[in-house]
Amino acid sequence: MTRIGGSLLAPTPNSLVPTDRRRKPLDSTPEPAGGRQDMRVRMATATARAGRVNEDFTGATPTAAVLIDGAGIPGGERTCRHGVAWYAARLGGSLLGLLSPTRDRSLSAVLAEAIAQVTDEHRDTCDVADPISPSATVAMLRLSDGLLEHLVLGDAVLVLDRADGTPLVVHDPREVIISRSYESALTGIAENSDEYRRILHDLRSRRNRPGGFWVAKDDPRAAAEAITGACPVGELKGAVLLSNGASRIVDRFRLADWPEVMAVLATNGPGTIIDRVRQAEARHAVTADDATIAHCTGLGEA
């Protein structure tokens with residue numbers, strides 16, 4: 001069961017014609033001590049465009065998977081000398097180091113500690129509290145005691161592939177709702193202009209505030225706002241974590257519904273989904289975004 005503010009989140013349906021053109025994915029099959037295969041993870045990532053640093057991060061251990069989608073705006077280098085990609089990688093690495101295979105504490109508590117660790121790393125050199133300093137959305141899984149626990153903070157997407165054939169889509173709508181209210185104001189304004197930066201600064205100032213939206217940044221208390229839940233592994237065929245640059249295959253371009261996405265992941269892998277997203281971006285003249293997918297299967301298998 002997955003809850004946000006007491007309301008149950010439901011799947012979001014939408015049709016995919018699989019492509020034969022495959023992007024070479026980054027395959028990861030973590031091998032725990034003792035030879036037991038706890039989880040198989042297949043990953044793929046692609047930067048938005050050539051010459052640009054990928055601000056997504058994904059990684060896995062035998063019993064956990066993490067996906068981070070870093071966020072920043074023009075001018076952010078004035079507040080943090082490290083940058084968004086650094087923040088995303090540091091946060092993801094910290095989470096993987098803290099995610100114990102035993103349920104010794106909640107995923108929200110793990111995320112809060114990771115945010116605190118990374119903030120402390122650059123508190124003395126950067127203005128971590130500035131609204132335009134680096135932040136990130138988070139999706140993560142932990143396999144423990146016959147359960148697959150999950151957490152989502154921000155606009156990343158997590159899909160549980162249930163054995164009954166109906167995927168459960170876990171997402172946080174708050175950032176998307178608020179961001180859409182700024183779209184008309186940003187239309188036609190040059191991205192490098194002062195007005196564009198002013199509007200984005202106003203949008204970012206609504207992060208981690210009541211009535212706004214919540215992301216990983218400098219305040220560990222934001223982790224308490226994450227969407228969390230757990231499901232017995234016997235009810236699942238797998239799970240997938242997607243950055244919003246990859247989930248647009250469904251929620252923006254409507255080329256597939258989630259059952260179709262899960263079927264393509266199982267047969268062709270995550271690179272195929274990213275290829276389809278890139279084709280749609282080019283066809284519709286939509287600015288590309290970093291796209292990252294971590295597909296988890298074999299949950300708890302010996």
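Computed from a prediction, not measured in an experiment: that's the story for all the values here. (Residues numbered from 1 in each chain as written. Predicted model: local features only at pLDDT ≥ 70, side-chain atom pairs only at ≥ 80, totals over all residues. Heavy atoms only, no water.)

1. Some details on the overall build of the protein
At step 1: A tally of regular secondary structure across the protein gives eight helices and 13 strands.
At step 2: Split into buried and exposed, the 302 residues of the protein put 55% on the buried side.
At step 3: Total accessible area on the protein stands at roughly 13100 Å², and carbon and sulfur atoms take up 50% of it. (Helix = DSSP H or I, 4+ residues; strand = E, 2+ residues; numbered from the N terminus. Buried < 20%, exposed > 50% of the residue type's maximum accessible area, 1.4 Å probe, protein only. Areas by Shrake-Rupley, 256 points an atom, 1.4 Å probe, with all protein chains shown as cover.)

2. Re the packing of helix α6 (residues 244-251) against helix α8 (residues 270-283)
At step 1: One can describe the packing of α6 onto α8 by two numbers: an axis separation of 9 Å at closest approach and a directional angle of 75 degrees. Taken together, the axis directions place α6 and α8 in an arrangement best described as roughly perpendicular. Two secondary-structure elements touch here, α6 through Gly245, Ala246, Arg248 and Ile249 and α8 through Ile273, Arg276, Val277 and Glu281.
At step 2: Partitioning the contact of α6 with α8 into residue classes produces four nonpolar, one polar and three charged. (Axes fitted to C-alpha atoms, helices over the stretch in contact; angles between N-to-C directions. Parallel < 35°, antiparallel > 145°, perpendicular 65-115°, else oblique. Contact = heavy atoms within 4.5 Å. Nonpolar A, V, L, I, M, F, W, Y, C, P; charged D, E, K, R; others polar.)

3. Structural notes on the environment of Arg123
At step 1: Its location among the elements puts Arg123 in the loop between α2 (107-122) and β7 (135-144).
At step 2: Among the residues examined, Arg123 registers a relative accessible area of 44% and is labelled partly exposed.
At step 3: Expressed as a C-alpha distance, the spacing of Arg123 and Asp218, which sit 95 residues apart in the sequence, is 8.8 Å.
At step 4: Here Asp120 takes part through its side chain, which lies 3.1 Å from a polar atom of the side chain of Arg123. (Polar contact = N/O pair within 3.5 Å; in protein donor to acceptor, adjacent residues only side chain to side chain.)

4. Regarding the confidence of the model for the protein
At step 1: On average, residues of the protein score 85 in pLDDT, and 86% of them reach the 70 mark or higher.
At step 2: Mean pLDDT values over the elements of the protein span from 32, in strand β2 (residues 7-8), up to 98, in strand β13 (residues 291-297).
At step 3: Across residues 1-37, where pLDDT falls below 50, the model places 110 contacts with residues more than four positions away in sequence or in other chains. (pLDDT = per-residue confidence, 0-100.)

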